[in-house]
Amino acid sequence: MGTGVPASEQTSCAKGDPQASCPENGTEAVQVTDCPIPEDSQPQHEQGYSSPEDSGQLMASYEGKAKGYQVPPFGWRICLAHEFAEKRKPFNANDISLSNLMKHLGMGLRYLQWWYRKTQVEKKKPFIDLINSVPLRQIYGCPLGGIGGGTITRGWRGQFCRWQLNPGMYQHQTVIANQFTVCLRRRGQTVYQQVLSVERPSALRSWNWGLCGYFAFYHALYPRAWTVYQLPGQNVTLTCRQVTPILPHDYQDSSLPVGVFVWDVENEGDEALEVSIMFSMRNGLGGEDDAAGGLWNEPFCLERDGETVRGLLLHHPTPPNPYTMAVAARLSADTTVTHLTAFDPDSAGQRVWQDLLLDGQLDSLAGKSLPSQKGVGIAGAVCVSGKLPPRGRHRFEFSLAWDMPRIMFGAKGQVYYRRYTRFFGPDGDAAPALSHYALSHYADWEEKISAWQSPVLEDRSLPAWYKSALFNELYFLADGGTVWLEVPEDCLPEELAGGMGQLRPLLREYGRFAYLEALATLREDLTQRRFLMSGITAPVKRRNVIPHDVGDPDDEPWLRVNAYEIHDTGDWKDLNLKFVLQVYRDYHLTGDQCFLRDMWPVCLAVMESEMKFDKDHDGLIENGGYADQTYDGWVTTGPSAYCGGLWLAAVAVMVQMAALCGAQEARNKFSSILSRGQEAYDRLLWNGRYYNYDCSSQPQSYSIMSDQCAGQWFLRASGLGEGDSEVFPTQQVVRALQTIFEFNVQAFAGGVMGAVNGMRPHGVPDTSSVQSDEVWVGVVYGLAATMIQEGLTWEGFRTAEGCYRTVWERLGLAFQTPEAYCQRRVFRSLAYMRPLSIWAMQLALQQQQHRKASGPISRRGTGPCTRPKQGPEAATAKPSPE
């Protein structure tokens, strides 16, 4: 490879190789502090807790000494040379036991027919694709982009590798031309030029690839991330800080499709240094959307309010959702910004490499590029250069923005405008202004982010892994297919003409995002659909029933809801209940009585539709003998711990809401149901140690379900569930949680993988279904929150820690937390929403602190890092199924 750099200055990368032009070996511990563990309550090396000097196996390969510029102590940190030993695969039919396969044979045949029609006839992507599951790629890092404007994920090794520009549609593709490259010059000569990537691709082979990953690390604390590069043999450390505007209580900047890269360059030598950093970017992803050609680039310069930003616009006019990408840099008195308008990203790349190598700058020719030819790619680059004195530091600031203001979903039936167009216009020419705004305001964003995160990060009672999990799981808010749209006056939903008309000003002010379920509940779609699990034909959506989803992004969301075709969710027992519980929880947390009054008629309607499931009128609903709830592969029959508990909790909050809304008749009605239901629930399900799974005649009826206290979880989060508002006897709740901890946590996988969904009373996982022996990450976090609510704080943190360390440290599933994993071999449904429930743990801790400040607590409230004085009973103590 011809790099143009003198051979004496080129480096090789070999761990521990004394011939490599790298600093001498010597690993320095990364400061990721954990909470102090009392000596008398925590063994020195007990698994699950790290000493302040321990950063885990993810940093074991790091040989550098650099700590980076202002990199925080807490977050998810990994050496760029790390390799995950465990390689799992997505769950598929081969992983189903023969007995479960026979149970679902009909569903499998119907699914294959549906999948073929969807992919081969309709040419659409299946809403649930069990044939082409997203494969394991242990590469992802913090996504760029605010809420609802699309996201671009930059992996922890520096690759731009996951794209969600079209709403809800993902392209898992690494675009190799999208790179940062550093050029160092001393005494007027280039002495080092390196692509800051460990990759060695076949494209752009004239570039100097293969960065030594042993001297670089990545650190994520969403919505920011840091990458630290100690350049071998150069006495230079680079720290790249990635900033995205996810800002509490900010409904403007949090919607912006932008990200900022702040590079702090430290010259640790005794010689002056010229430094250039080049940001190259391909126009498009190199796929079929680019093949037709017609893409073009042009430079721009925007001066406003004393700040000047220069860069390139990458125009991608391909329908139905054309967009413009902007790569830009801030011009200051001591920096130079240059550009290369166009180069071929599929070539050897000799031209752009030599251009930078010559003088640390790019040609900066004026004018637009020619449109790309069919089948030929086009890319561009922006470079910032500056001088560093000996022992000096310099800052370079880049931005990446994308302007796709007008969007259509897969059906191409209706045009929508994204939220950010309210502030930057809908005409598709906002990329320069977005870039300028981002580079002028990112410092304010960081102040807001620090103010938001500091109370948690500075709390010494909280373990380091929890601080990382709490903030990094928030990636899903932006990267989870989120769409945030403007709602013009002539496009307001038809439901607002009726009883929901009071929501009109809220939708006009905040856009279409937060009130989707309430409006969708009132609609019906009587189109007949054959559901895959049962083969039964039924309406797509019934009135006054919560939909499973608001639609398929490859179809027409909002207009056609319930893209989920496995079950008829109109018969599910838990969706309506969770909606009611969430409404009251949100009222409790916000104190917004207008919101409560708006939601009261909707809650009343969905609870009325739920009444039909109480067939024997004992105040307790019954499951229908199939998987009629969120656990859509786990059959439930008759009264059940999970659905029955949610039902009683929902009835209890209806009593509270009726009182607040002045509906005395409804209050009396739900009070009567609650009284009868409590008696039936306790009589039919409580066995002295926990609540039985259900009331069937099958052996799994006695299984210990980790989610059996979900109703109590919602009640406690809503300020209820104790004293006069107690629904489930506190002593029984605590006893059930202790049993879950003994069996589902401690007796499963050595106690280090979280809580398995179902555990048999004799201490083995329940394998009666494809989901009973899974661990659901979001359910585990909710369980941990419930434990904290009931004073079992140590147990709660221990339970949740197993999930975090499994997903983020062992399986390499950072920023793609799955719905589920098994003890061995498989995971299922990457990048799932449910793990956001970790914030229920934080709410539980805050409520616990409030109760402590208000007065003594009757139950113990041990801290997360302190063992209970008497540990949980040994797993050998079997609960009786009697």
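Residues numbered from 1 in each chain as written. Predicted model: local features only at pLDDT ≥ 70, side-chain atom pairs only at ≥ 80, totals over all residues. Heavy atoms only, no water.

**Q** Teacher, can you tell me more about the nonpolar core here?
**A** Nonpolar side chains in soluble globular proteins tend to be buried together. Counting residues in hydrophobic clusters, the biggest one holds 207 residues, and the most contacted among them are Trp76, Trp263, Phe398 and Leu400. Among the elements that take part in this core, helix α13 (residues 641-660) stands out by supplying 15 residues, more than any other. Setting aside residues no more than four positions away along its own chain, Phe398 makes contact with Phe180, Gly259, Val260, Phe261, Trp263, Ile277, Phe279, Ala328, Ala329, Val382, Val384 and Leu439. (Core = buried A, V, L, I, M, F, W, Y, C linked by side-chain atoms within 4.5 Å. Buried < 20%, exposed > 50% of the residue type's maximum accessible area, 1.4 Å probe, protein only. Helix = DSSP H or I, 4+ residues; strand = E, 2+ residues; numbered from the N terminus. Contact = heavy atoms within 4.5 Å.)

**Q** Got a minute to help me understand the sheet that holds strand β6 (residues 171-172) in this structure?
**A** What links the strands of a sheet is backbone hydrogen bonding, and the strands pair in either a parallel or an antiparallel sense. Taken together, the 4 strands give an open sheet; going across it, the order is β3-β4-β5-β6, and neighbouring strands pair in antiparallel fashion. Each edge of the sheet is formed by a strand with only one pairing partner; in this case those strands are β3 (143-144) and β6. Here strand β4 (residues 151-154) pairs with strand β5 (residues 160-164) via 4 bridges, running antiparallel. Among the inter-strand pairings, Thr151 is bridged to a residue of β5, identified as Gln164. (Pairing = 2+ DSSP bridges.)

**Q** Which parts of the structure should I look at to understand the environment of Pro248?
**A** If you trace the backbone, Pro248 turns up in the loop between β11 (236-243) and β12 (258-267). Once the C-alpha coordinates of Pro248 and Ile449 are considered, the two residues, 201 residues apart in sequence, prove to be 8.1 Å apart.

**Q** Mind showing me how you'd approach the sheet that holds strand β29 (residues 820-821) here?
**A** The mixed open sheet is built from 4 strands, whose spatial order is β2-β30-β29-β28. Unpaired on one side and paired on the other, β2 (89-90) and β28 (775-776) mark the two borders of the sheet. Pairing of β29 with strand β30 (residues 826-828), which is carried by 2 bridges, proceeds in the antiparallel orientation. Paired with Tyr821 across the two strands is Phe827, which belongs to β30.

**Q** Which parts of the structure should I look at to understand the packing of aromatic side chains?
**A** In this structure the tally under the stated criterion is 47 aromatic pairs. Taking the centre distance of 5.7 Å and the plane angle of 70° together, the rings of Phe180 and Phe398 count as edge-to-face. In this pair, Phe180 sits in strand β7 (residues 179-186) while Phe398 sits in strand β19 (residues 393-403), placing the two residues 218 residues apart along the sequence. Assessed through its relative accessible area of 0%, Phe398 is described here as buried. Geometrically, the ring pair formed by Tyr584 and Tyr587 is tilted, given 5.7 Å between the ring centres and 50° between the ring planes. Of this pair, Tyr584 and Tyr587 both sit in helix α11 (residues 575-590), 3 residues apart, which is roughly one turn of that helix. Here the two residues Tyr584 and Tyr587 agree in accessibility, since each one is buried. Taking NZ or CZ as reference, Arg162 lies 4.3 Å from the ring centre of Tyr140, over its face. (Phe/Tyr/Trp six-rings, centres within 6.5 Å; stacked < 30°, edge-to-face > 60°. Lys NZ or Arg CZ within 6 Å of the ring centre and 35° of its normal.)

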